[in-house]
Amino acid sequence: MSVAIVMPAWNEASGIGDFLREIHESFEGIDHTFIVVDDRSTDSTVEVLNQLRDSGLPLQVESNHVNLGHGPSTVRALQLAFETGAQNVIALDGDGQFLGKDIRDCYDECIQSNSQMIEGIRTRDSDPVYRKATSLATRVLVWSRCKDFPRDANTPLRVYQRVVLEEILERIPAESLVPNLMISAYARANKMQIGAVEVAFIDRR
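About the cut-offs
Residues numbered from 1 in each chain as written. Predicted model: local features only at pLDDT ≥ 70, side-chain atom pairs only at ≥ 80, totals over all residues. Heavy atoms only, no water. Salt bridge = Lys/Arg side-chain N within 4 Å of Asp/Glu carboxyl O. Helix = DSSP H or I, 4+ residues; strand = E, 2+ residues; numbered from the N terminus. Buried < 20%, exposed > 50% of the residue type's maximum accessible area, 1.4 Å probe, protein only. Axes fitted to C-alpha atoms, helices over the stretch in contact; angles between N-to-C directions. Left-handed = near helix turned anticlockwise from the far one by under 90°. Contact = heavy atoms within 4.5 Å. Nonpolar A, V, L, I, M, F, W, Y, C, P; charged D, E, K, R; others polar. Phe/Tyr/Trp six-rings, centres within 6.5 Å; stacked < 30°, edge-to-face > 60°.

Asks: For the pattern of salt bridges, give the residues involved together with the corresponding values.
Replies: Throughout the structure, instances matching the rule amount to 13 salt bridges. Salt-bridge contacts for Arg-188 lead to Glu-119; the nearest nitrogen and oxygen are separated by 2.8 Å. Linking Arg-188 in helix α7 (residues 179-189) with Glu-119 in strand β5 (residues 117-123), this pair joins segments that are 69 residues apart in sequence. Each member of the pair, Arg-188 as well as Glu-119, is classed as buried. Two residues, Glu-198 and Arg-151, come together in a salt bridge whose shortest N-O distance is 2.6 Å. Here the residue Glu-198 occupies a position in strand β7 (residues 194-200), and Arg-151 occupies one in the loop between α5 (129-146) and β6 (158-161), the gap between them amounting to 47 residues. Here Glu-198 falls in the exposed class, since its relative accessible area comes to 53%. Several salt bridges converge on common partners, so that one network encompasses Glu-119, Asp-148, Arg-158 and Arg-188.

Asks: Could you give an account of unusual backbone geometry, with specific residues and numbers?
Replies: Phi is positive for Arg-40, close to 60°, though the residue is something other than glycine. Within the secondary structure, Arg-40 is located in the loop between β2 (31-38) and α2 (45-54). At Lys-191, a residue that is not glycine, the phi angle is positive and equals roughly 55°. With respect to the secondary-structure elements, Lys-191 resides in the loop between α7 and β7.

Asks: So, the packing of helix α1 (residues 16-26) against α2: which residues are in play, and what are the values?
Replies: Between α1 and α2, the shortest axis-to-axis distance is 10 Å and the interhelical angle comes to 35°. α1 and α2 meet at a crossing whose hand is right-handed. Across from Ile-16, Gly-17, Leu-20 and Arg-21 in α1, the residues of α2 making contact are Val-48, Leu-49 and Leu-52. Of the residues in the contact of α1 with α2, the class split is five nonpolar, one polar and one charged.

Asks: Can you lay out the packing of aromatic side chains for me, pointing to particular residues and giving the numbers?
Replies: Under the criterion given, the structure shown has two aromatic pairs. Between Phe-98 and Phe-201, the ring centres sit 5.8 Å apart and the planes meet at 50°, which makes this aromatic pair tilted. Linking Phe-98 in the loop between β4 (88-91) and α4 (100-113) with Phe-201 in the segment after β7, this pair joins segments that are 103 residues apart in sequence. Residue Phe-201 is classed as buried on the basis of its relative accessible area, which comes to 10%.

Rendered as structure tokens:
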């Protein structure tokens, strides 16, 4: 069973190395590869990534020609993952706000439950009021499109079966600014089998 672990990154030099190594350790025994799409970082993110790759981490580094923003970089990362032929794809952000063990739990749940997609449901009681309000607004927005109320509409942590990712990529524009919201709405509107795993949401590394 092969899995591609993909993420966009912008100016994450201080934390992305530890983050990738932690995930790598959590996926010991699983055939996995990383794909990081660098969105024209102005710090040493690319240098850190290249050092990790050269040290033996199974890592593909792709740089955008221009700064595209988080949404288009996320879609590009998913497209690159699909092109690898991996049977499952894990998508997340490069800011290191998840734990390696939780990412592995999401993957295991996808395999064991045979869900088409698993969403990592972020849990953190200490979020400020404005962030909770924003989260509620995104949930309502998705509900307005599909009449299904997600627990975490904009979570960047998702595990896809290859066949469902192919369908999603055919529907999500490459230039989308909010692909995670679009994926939440599309998957629910089309009655996909969606599982959920509660995960810790930590400070950016």
